[in-house]
Structure formats: C-alpha cells, structure tokens
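Results of the structural survey
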Amino acid sequence: MSFKQFIKELNGDKVEGELIKTILYSLLTSFILLGILYYFKFREIQNFIPKYGLFIFLSALSYAIIIPAMRQIRAYKQMPCMSGMMIGMTTGMIAGFLAGYIVGATNGMFVGGVFGMIIGILIGIWTGSCCGVMGFMEGMMAGFMGGWMGAMTSVMLLNDHLNAASIIIVVVLSAIMISLNYMIYKETKERKRESEEDFMLDIIITAILISITTWLMIYGPRSALFQ
Amino acid sequence: MKNTTSLVVIALIVFIGGYVVYSNLGSNNSGSDINSEEVQKITLGMKNYNYYPNTIRVKAGIPVELTLDSSVRGCYRAFTIRQLGISQISSSPSDKIIFTLTEKGTYSFACSMGMGYGTIIVE
C-alpha cells in the first residue's frame, strides 16, 4: 500500500520527511509573530480575542497546512500536466478559499473576496506553474474562484454557526491538503529530489501571509455590515 | 528534531491556541441601549423568501426599534439600508436593531446580500 509507504516516508530522508517540520516552523513563526504583535499592539484593542482570536488562529493553521505542499512541489520542480492541474487547482482553491473566508468573516465580502482572490491566484500560479501552462491557468482560475467563494460563504454564515463552520472547514481542507501531499508523493516516488533548501523561505512566506492577513483583519477596510 | 517531537509540539500549539480562543469566545460585551422614551417598534418576519411585511412606514426623527423574529434566517438577519449606511446584524429576536431616520422619503432595505428586500417609508 503506497499510503503506508507515504506515512513511513514522513520520517524518511526525502522532502516528505520535512513536511511535519514545515508545519511546525510555520505555526511557530505565526504564533511568535502574533505573540509579539499582541504584546506591543493588539492587547490595546478592545475585545481583541473574542472578535478576531478564532479567525487569526485559523489563519495561522490554514497557512501551516498550505506551506508544506508548496515546499513539496518546489522540491521536484517539474511534474506532468495533469498533476500540475490538480496541484494548481487544489492549492489555489484552498489558499483562496481560506484567506477569503477568514477575512470575509471580519471585514465583509468585498475585502475578503479581493484578498482571497489575490492570495489564491498567487499561490495557485506559483504551485501550478511547476507543470506548464495548464497548471498555471488552473491555479489562476481556482484562486479567483476560491477567494470569492470563501468570502461569500463566511458572510452567508454570519448568523448561522460561523465559528463551528470555520473549524469544520479548516479540518476538511487540512484533509484535502494531506491528500494532495500523498498525490504528489505517488507521482514522484520514483524520482530524485531536484532542489534542496532550508526552511527560511517557508518561514518568510508564513510571516508575510500572517502579517498581511492580521493587518487587514484589524485595520483594513470593512463593509457597512462590520462597522 | 524528530518528527514525533514535532507532532507533539504541533498538537500542543493547536491545543493551547484553541483553548485560549475558545475560552474567550462569546465574551464580547458590545451592545446598544435606547435612551429615548418614545420608540417605534416594528417586527419583521419572513414569508415567501422575503421580509414580511416588506413595506413599512415610520415617522421621521423618532427612533425605530426593529425586531427580526425567529422566522428570519441566514443573511436575512443582516438588516441593511444602504442609502443611509445602516447595516446591523441581529443574531436573535432579542437583539434589536435601533436607528433613527431623520429625513422624509422612501428608502430600500435589504439583507446584506440583497436576497430579501423591501421599502421603508419615512413620513
């Protein structure tokens, strides 16, 4: 069973052996940064944790599940067209959906939709372009769609168990990202890794994403519903 | 660092972060009070996938206390009068929406997504 091999490989020498560490470094980066910002700035904001706590926490988790897939794709550089389409679509859609959903829940549909779309398209293009123009296109389209869908979903759930839905969505999307990690492993298990890198790029990407998301949620423009 | 240790640390971070967030959920103490003695009380329900009644008449200058009853669901609970910049969420019928319309005229109201709509006539 190749899934069992995949689980074994999570402790191996290939890039799959670095996935769990990538999640850890991404989470540590987010929470250290958020801790510093909270100590110096955010604790002065009234009702900060009840108002933003859950969504900032979920955004840190979301980026921690997306970053490992990006690392895995960078390690192999080239993949077949069909795999590229799946990679571009999954990462673009999930990155866009989560970013849009989280910002949409605190700032409204317009800001959430635009932010989700930008994050989704950028990540979708970056990951999908490993595999030619089809992956690139798929990443771009999925990012666009995911961003707006995420924001729309959170605004529609405002009065209907938004917090519970947010947790369910993050759990389901985490399972999808693990499936993507497995798919990439299956596609590349006979190949050698093409790029060796440390964790600095993952830490930088996480820091940028979490900083922009948090800043936008707290100080960004809002729709009339959230003023 | 071994992966097992990494997993334990990830679980700890998620657990502690989740606990901090969960223990603070629902402690938001924002709210609004009516100071005026005279208010116009209006209750809106839902019928045929729209607000009911969907035409309401109010007097200018007197605060309006709007209640969305329990039949109103989803985005319909985000009551919006776009022309006047009024937009408020009512999570339950006890969560009143209070506003004052000072200028006479006819305004459109809707839910935040424009799915339910109606007219408010200020006399």
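The structure this text deals with has already been given above.
Quick look at the structure, then. (Residues numbered from 1 in each chain as written. Chains lettered and ligands numbered in written order. Predicted model: local features only at pLDDT ≥ 70, side-chain atom pairs only at ≥ 80, totals over all residues.)

**A word on the overall build of chain B**
Test applied: Only DSSP runs of H or I covering at least 4 residues are called helices, and only runs of E covering at least 2 are called strands; the numbering of each starts at the N terminus. With C-beta atoms placed from the backbone, the exposure class of a residue follows from how many other C-beta atoms lie within 10 Å of its own: 20 or more, buried; 12 or fewer, exposed; in between, partly exposed. Contacts here follow a simple rule: the backbone-placed C-beta atoms of the two residues must lie within 7 Å.
For chain B, the count of helices and strands is 1 helix and 9 strands. Reading chain B from its N terminus to its C terminus gives the helix and strand order α-β-β-β-β-β-β-β-β-β. Within chain B, the fraction of its 123 residues that count as buried is 20%. Restricting the contact set of chain B to residue pairs at least 6 apart, pairs at least 24 apart contribute 64%.

**Side note on the interface of chain A and chain B**
Contacts between chain A and chain B engage 24 residues on the former and 28 residues on the latter. The set of elements that each furnish at least two residues to the side of chain A that touches chain B consists of helix H2 (19-40), helix H3 (48-76) and helix H6 (133-156) of chain A. A total of 7 residues in the side of chain A that touches chain B trace back to one element, the largest contributor, which is H3(A).

**Some remarks on the sheet that holds strand S2 (residues 50-52) of chain B**
All names here are of chain B. The condition is simple: Paired strands, in this sense, are two strands between which DSSP finds at least two bridges. Interaxial angle, 0 to 180 degrees, is taken between N-to-C directions of lines fitted to C-alpha atoms, where a helix line uses only the stretch in contact.
If you walk across this open sheet you meet the 4 strands as S2-S1-S4-S7, and the pairing is mixed. Because the sheet does not close on itself, it has two edges, and the strands there are S2 and strand S7 (97-99). Geometrically, the sheet is characterised by an average inter-axis angle of 30° between neighbouring strands, direction not taken into account.

**Looking at the nonpolar core**
All names here are of chain A. Spelled out, the test is: Nonpolar cores are identified as sets of buried Ala, Val, Leu, Ile, Met, Phe, Trp, Tyr and Cys residues joined via C-beta atoms within 7 Å.
The biggest cluster of nonpolar side chains holds 86 residues, and the ones touching the most others in it are Ala-60 and Ile-66. In terms of residue count, the dominant contributor to this core is H3 (18 residues). When residues no more than four places from it in sequence are discounted, the contact partners of Ile-66 are Thr-91, Ile-94, Ala-95, Ile-123 and Met-177.

**Observations concerning the environment of A:Phe3**
Relative to the helices and strands, A:Phe3 resides in helix H1 (residues 2-9). Each C-alpha atom, one on A:Phe3 and one on A:Gly100, is 32 Å from the other, the two residues being 97 residues apart in sequence.

**Some details on the packing of H1(A) against helix H7 (residues 162-188) of chain A**
What describes two packed helices is the angle between their axes and the distance between those same axes. All names here are of chain A. Let me state the cut-off plainly: Roughly parallel means an angle under 35 degrees; roughly antiparallel, over 145; roughly perpendicular, 65 to 115; everything else is oblique. Each residue is assigned to one of three groups, with Ala, Val, Leu, Ile, Met, Phe, Trp, Tyr, Cys and Pro labelled nonpolar, Asp, Glu, Lys and Arg labelled charged, and all others, Gly among them, labelled polar.
Where H1 meets H7, the axes come as close as 10 Å, and the angle between the chain directions of the two elements is 100°. By the angle class used here, H1 and H7 are roughly perpendicular. Contacts from Ser-2, Phe-3, Phe-6 and Glu-9 of H1 reach H7 at Tyr-182, Tyr-185 and Lys-186. Across the contact of H1 with H7, the residue classes tally to 4 nonpolar, 1 polar and 2 charged.

**Focus on the environment of A:Gln72**
Within the secondary structure, A:Gln72 is located in helix H3. What A:Gln72 contacts, discounting residues up to four positions off in sequence, is A:Val15, A:Glu16, A:Leu19, A:Asn181 and A:Ile184.

**Section: unusual backbone geometry**
A cis amide bond, omega -5°, links B:Tyr52 with the succeeding residue B:Pro53. Following the sequence through the fold, B:Pro53 ends up in the loop between S2 and strand S3 (55-58). Backbone geometry places A:Lys77, a non-glycine residue, at a positive phi of 60°. Overall, A:Lys77 belongs to the exposed group, with 12 C-beta atoms counted inside 10 Å. Although it is not a glycine, B:Asn48 adopts a positive phi angle of roughly 50°. When you line up the elements, B:Asn48 lands in the loop between strand S1 (40-47) and S2.

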